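Understanding the architecture of this molecule
Given next are the chains, with one letter for each unit.
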Amino acid sequence: MLRRPEYRRALVFCGLIGIPVSLVAFWFLVLLQQLEDLIWVDWPHDLGWTDPPWWWPFPPALLSGAVVALVILRFPGRGGHIPAAGLHSGGVTKAAVPGVVLAALASLPLGAVLGPEAPLIALGGGLALAFRDLVRAPATEASTALLGAAGAAAAISAIFGSPLVAAVMLMEVAGVGGPQLFTVMLPALLSSGIGAIVFTGFDHWTGLKTGSLDIGLPAPPLLDAGDVLWSALMAVVIGAAIHAVMVGGRIAARSVSAHPLRNTMLCALAAAGCAALYAVVTGRSPSEVSLSGQNALAQLAQHPHTWSVGSLVAVLAFKGVAYALCLGSLRGGPTFPSLFLGGAVGVLLSPLPGLGVVPGMAAGMAAACAAALRLPVSTVVLVVLMVGNSETVSVIVLAAVVSFVTTELLPQGPGIPAFKARVAARAGRPA
């Protein structure tokens, strides 16, 4: 393949495209973060509140639902794919980019329980195709798929903090290798995780060494049997729970397809109601239920003991419902809320005999993310890099695989509605 001139030209072109796409993605993320800080931190402080009051989520939600509904009805691409369908890289067009950007800006900073990775995938892929057309490069089916994946990977590498996560995720999302990918990789992933557990145990119990690439960095506490057992059991429960949330998102999507304007606004307001109830019940900030959970996850990891059992149970219940509503109505990605929910379950269950906070959070995040994305390899790479703890790799692999298998074996519920014709009819355009 590398000896073919057209492939080498495509490789160089993908590298060059990565520069402008990454710059646009960087400023897009900066804009999202600045708007989020302005709405949820600066404005409440300017009005004299330490945290946003309980009613704060409602006005942004009303605006969010109205704008997203209008994007769905009037813009090409309907603002991107429905988050309840998971992550997708195919079907991106440059004409859809304005709607994707507007829907994301109207969703993510205004309180949607979603992350920015799905809009970034669509933004990166659409921009890559726009640059291709700008330089008048040949437009073939193969080049469209290649450039779309390359642009998407360039766009999302920043948000995940590693180009490795972006490359692996796009490989899984794009379905490279087809069904054989999961057929081969899932057993290999599981057996490698079990092998690491066995090697870790025997190395610790016998004191004998087999030789490895370990260069002698200080190691955190070793895993024990409790970590492994609880991680597997947690993965089953978390996988089933997140699967139920995703099914709820698909049910919400079907409701939105029937009446996009009315039901998008109702779903957004209902999600805001979950945040408001959480604030009333716990006395904590409603932003812990609203928004993606990215910032709250860092606070949870650094200060887990500042969360009471009641607040953890409340955030899991209210954020779970708000997550399902946003998955079916607004625009964004499913990754970050699932990571937060899984991490919160890990902290909640960490007092169990033999389970610590670090392995509990690691296993919880892996199980929840694998259930939401259905991308077990990407989940493992992402969570391992997030945790930065080599001793938890085994439970991360185990939890991701067990959760993925659990969700695949459960009834899948309703599909995502194809309401293109319905939306086009309301907009006065041909389908």
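**Quick notes on the overall build of the chain**
Scanning the chain for helices and strands turns up 16 helices and zero strands. Scored against the burial criterion, the 431 residues of the chain give a buried share of 50%. Expressed as a percentage of contacts within the chain between residues at least 6 apart in sequence, the contacts between residues at least 24 apart total 79%. Here the chain has roughly 19200 Å² of accessible surface; of this, 70% comes from carbon and sulfur atoms.

**Let's talk about the packing of aromatic side chains**
Under the defined criterion, the tally for this structure stands at five aromatic pairs. Taking 6.2 Å as the distance between ring centres and 55° as the angle between the ring planes, the aromatic pair formed by Trp307 and Phe340 counts as tilted. Here Trp307 is found in the loop between helix 10 (294–302) and helix 11 (309–329), whereas its partner Phe340 is found in helix 12 (residues 335–349), with 33 residues between them in sequence. Geometry around Trp307 places Arg284 over its ring, the cationic atom sitting 4.1 Å from the centre. Here the basic side chain of Lys319 rests over the ring of Phe340, its NZ or CZ set 5.3 Å away from the ring centre.

**Observations concerning the pattern of salt bridges**
Within this structure, the stated rule accounts for two salt bridges. Notably, a salt bridge pairs Glu288 with Arg284, separated by 2.9 Å at the nearest N-O pair. By relative accessible area, which is 9% here, Glu288 ends up buried. The salt bridge involving Glu408 is made with Arg374; its shortest N-O contact spans 2.8 Å. With Glu408 in helix 15 (residues 393–409) and Arg374 in the loop between helix 13 (357–373) and helix 14 (376–387), this residue pair connects regions lying 34 residues apart in the sequence. Assessed through its relative accessible area of 40%, Glu408 is described here as partly exposed. Accessibility expressed as a relative area gives 19% for Arg374, which makes it buried.

**Regarding the packing of helix 3 (residues 97–107) against helix 4 (residues 117–134)**
Relative to each other, helix 3 and helix 4 sit at 155°, their axes nearing to 9 Å. One finds that helix 3 runs roughly antiparallel with respect to helix 4. Relative to helix 4, helix 3 is oriented so that their crossing is left-handed. Residues Val97, Val100, Val101 and Ala104 of helix 3 form the contact with helix 4, whose participating residues are Pro119, Ala122, Leu123, Gly126 and Leu127.

**Points about the packing of helix 10 against helix 12**
In the contact formed by helix 10 and helix 12, the axes pass within 9 Å of each other and the chain directions differ by 20°. By the angle class used here, helix 10 and helix 12 are roughly parallel. Crossing hand, helix 10 versus helix 12: left-handed. Contacts between helix 10 and helix 12 pair Gln294, Ala296, Leu297 and Leu300 from the former with Phe336, Leu339, Phe340, Gly343, Ala344 and Val347 from the latter. Classifying every residue of the contact of helix 10 with helix 12 gives eight nonpolar, two polar and no charged.

What counts as what
- Residues numbered from 1 in each chain as written.
- Predicted model: local features only at pLDDT ≥ 70, side-chain atom pairs only at ≥ 80, totals over all residues.
- Heavy atoms only, no water.
- Helix = DSSP H or I, 4+ residues; strand = E, 2+ residues; numbered from the N terminus.
- Buried < 20%, exposed > 50% of the residue type's maximum accessible area, 1.4 Å probe, protein only.
- Contact = heavy atoms within 4.5 Å.
- Areas by Shrake-Rupley, 256 points an atom, 1.4 Å probe, with all protein chains shown as cover.
- Phe/Tyr/Trp six-rings, centres within 6.5 Å; stacked < 30°, edge-to-face > 60°.
- Lys NZ or Arg CZ within 6 Å of the ring centre and 35° of its normal.
- Salt bridge = Lys/Arg side-chain N within 4 Å of Asp/Glu carboxyl O.
- Axes fitted to C-alpha atoms, helices over the stretch in contact; angles between N-to-C directions.
- Parallel < 35°, antiparallel > 145°, perpendicular 65-115°, else oblique.
- Left-handed = near helix turned anticlockwise from the far one by under 90°.
- Nonpolar A, V, L, I, M, F, W, Y, C, P; charged D, E, K, R; others polar.

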